[in-house]
Amino acid sequence: MRVAVTGGVGFIGSNLVLRLLADGHSVTVLDNFSTGRIENLAEHATHPHLKIVRCDLTNSNDTSQALADTEVVYHLAANADVKDGWKHPRKDHEQNIVATHNVLEAMRLNGVPRIVFSSTGSVYGVTEVVPTPENAPFPVQTSLYGASKLAAEGLIQAYVEGGVVTATIFRFVSILGPRYSHGHVVDFVRQLLDDPSQLAVLGDGSQTKSYLHVDDCVDALVRHLTVNDALCIFNLGVDDTITVRDSIGWITAEMGVSPALNFAGGHQGWIGDNPLIHLDISAMRNTGWEPRHSIKDSVIETTRWILANRWVLERKH
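The rules behind the values
Residues numbered from 1 in each chain as written. Predicted model: local features only at pLDDT ≥ 70, side-chain atom pairs only at ≥ 80, totals over all residues. Heavy atoms only, no water. Helix = DSSP H or I, 4+ residues; strand = E, 2+ residues; numbered from the N terminus. Rg over C-alpha atoms; globule rule 2.2 N^0.38 Å. Buried < 20%, exposed > 50% of the residue type's maximum accessible area, 1.4 Å probe, protein only. Contact = heavy atoms within 4.5 Å. Areas by Shrake-Rupley, 256 points an atom, 1.4 Å probe, with all protein chains shown as cover. Pairing = 2+ DSSP bridges. Axes fitted to C-alpha atoms, helices over the stretch in contact; angles between N-to-C directions. Polar contact = N/O pair within 3.5 Å; in protein donor to acceptor, adjacent residues only side chain to side chain. Phe/Tyr/Trp six-rings, centres within 6.5 Å; stacked < 30°, edge-to-face > 60°. 1 Å grid on protein atoms, 1.4 Å probe; cavity = no way out; pocket = protein on both sides within 12 Å on 5 of 7 lines; lining within 4 Å. Points joined across faces, edges and corners; volume = space filled by probe spheres on them. Nonpolar A, V, L, I, M, F, W, Y, C, P; charged D, E, K, R; others polar.

Engineer: Got a sec to walk through the overall build of the chain? Specific residues and values, please.
Structural biologist: Counting its secondary structure elements, the chain contains 9 helices and 13 strands. Rg of the C-alpha trace for the chain: 19 Å, near the compact-globule value of 20 Å for 317 residues, within the 12% margin. Along the longest, intermediate and shortest principal axes, the C-alpha atoms of the chain span 55 × 45 × 40 Å. Scored against the burial criterion, the 317 residues of the chain give a buried share of 53%. Long-range contacts, defined here as pairs at least 24 residues apart, represent 80% of the contacts in the chain between residues at least 6 apart. Surface accessibility of the chain: about 13700 Å² in total, with carbon and sulfur atoms responsible for 50%.

As C-alpha cells, this is what we get:
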C-alpha cells in the first residue's frame, strides 16, 4: 500500500516507518524536522520505497501536495511538549489542531480514504475512573496538549460522520524504546551524565504512570492499516503502573550511579501533569493485540539505547 506517515522522522514515527517498509509498503514521510531527527532513518534513506518530504503541516498547500497518491495516513506529527505548553500556548493549537485539520482537508481533496491518529491518555485529565476505559467521561482538561488532542479527535470524528474518511484513534500512554528522544528518561540520563551526584525531579516521585514499548505500539498501529470500521477508538498501554521513583531506581542502577534526589513542584510536578495515568486496554486486547514488554524492561532498554546513541541528547535549536 501507499502509506504516508506524518512525523515520520520522530520517535514513534520512525519506528513505524521501518516496520511498514519491512512489511513491503511504500512510505512517504512528512516532517518539518523541528523535533524529529533524520538520524532515525539515516540507514534507510536510500530505500527504494521510502520518500522523505520536508513539509509544514500548518501550511494547507504543502500538506495537500504531499498527500497526493496516498491510500492511508498515519498522523503522528504533533507538539508533545506538555510541561512547557504555557510558554508557547499557540503551538499546541497550530501543530495539533490546525495541522490535523489540514491533513483531513488534504485527504478529502485527494480522495485519501483512511487515517490512523495518535491521540493521548491525557485527554482523560484527572479521571475518577481507573483503569480508564475509552468510554469514561471526560473531566476538565488539564493541559493545552490534552485539550488540543481532544479537539483533533473531534475533527476526525466529524470527517468520519461526513463520510470523508474512516479512522482509528489510539490514545497512548507514554511510549519508550529505541529512538526515544523526549521525556523523563532522556531528561534523567542527560542530567546524570552531566552530574552523577544529584538528580532534579519535578514532583515528589509518587506520580504514577503507565508506559508502553514502541514495538508494542507499532504492532497496534499496523493492525489498523486496513480496518474497515468507520471509526475505532482504542487505549494503548499495559496493565501495570510505576512511580517516578521506580523509574529513577532502574535508570540509576543501569548507569551505576547513586545521586541525591532533589524533588520540586509538589505532587503534580507542573501544570498539566496528571499524577495518575492508567488506561484500561481490554478493548484493544480483545482484538488479539497484546503488549509483550514490561515497563521495567522498557525503561532499562531505553536507558541503554540512549547511552549507546548519545547524539539524541544533543538539544535541537
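Engineer: Summarise the sheet that holds strand β11 (residues 231-236); cite the residues concerned and give the values.
Structural biologist: Two orientations exist for strands paired in a sheet by backbone hydrogen bonds: parallel and antiparallel. Strands sit in the order β3-β2-β1-β4-β5-β6-β11 across an open sheet of 7 strands; the sheet is parallel. With partners counted over all chains shown, the strands left at the sheet margins are β3 (50-54) and β11, one partner each. The sheet shows a mean angle of 15 degrees between the axes of neighbouring strands, taken without regard to direction. Those strands touched by helix α1 (residues 11-22) are β1 (2-6), β2 (26-31), β3, β4 (72-75) and β6 (166-172), and its axis lies near 165 degrees from that of β1.

Engineer: Pulling in residues and values, what's your account of the side chain of Thr6?
Structural biologist: Looking at the element boundaries, Thr6 is found in strand β1. Classification of Thr6 by relative accessible area gives buried; the value is 0%. Within the structure, the side chain of Thr6 is placed 2.8 Å from the side chain of His75, a separation counted as a polar contact. Once you skip the residues sitting within four places of it in the chain, Thr6 turns out to touch Leu30, Leu57, Val73, Tyr74, His75, Leu76, Ala77 and Val103.

Engineer: Hey, could you go over the packing of aromatic side chains for me, with residue numbers and the actual values?
Structural biologist: Inspection of every chain in the model, using the stated rule, returns 4 aromatic pairs. With a centroid separation of 5.8 Å and 80 degrees between ring planes, the pair formed by Trp305 and Trp311 is classed as edge-to-face. Take Trp305: its relative accessible area is 16%, and that puts it in the buried class. Classification of Trp311 by relative accessible area gives partly exposed; the value is 24%.

Engineer: Kindly report on the environment of Gly265, identifying the contributing residues and their values.
Structural biologist: Here Gly265 lies in the loop between β13 (260-264) and α8 (282-285). We classify Gly265 as exposed; its relative accessible area is 55%.

Engineer: Could you give an account of the layout of surface pockets, naming the residues involved and the relevant values?
Structural biologist: Computed from the structure, the second largest pocket encloses a volume of approximately 180 Å³. Along the walls of the second largest pocket sit 13 residues, with Thr28, Lys51, Ala68, Asp69 and Thr70 positioned nearest its centre. Top element by residues in the lining of the second largest pocket is β2. It accounts for 3 residues. When grouped by side-chain class, the residues that make up the lining of the second largest pocket number 5 nonpolar, 5 polar and 3 charged.

Engineer: Before we move on, could you go through empty space enclosed by the protein and cite the residues and values that matter?
Structural biologist: Evaluated as defined, the whole model comprises 2 cavities of 30 Å³ or more. What the largest cavity holds in volume is close to 50 Å³. Taken together, Gly121, Tyr124, Gly125, Thr127, Val130, Thr132, Leu276, Ile277, His278 and Leu279 form the lining of the largest cavity. Within the lining of the largest cavity, the residues separate by chemical class into 5 nonpolar, 5 polar and no charged. Roughly 30 Å³ of internal volume is contained in the second largest cavity.

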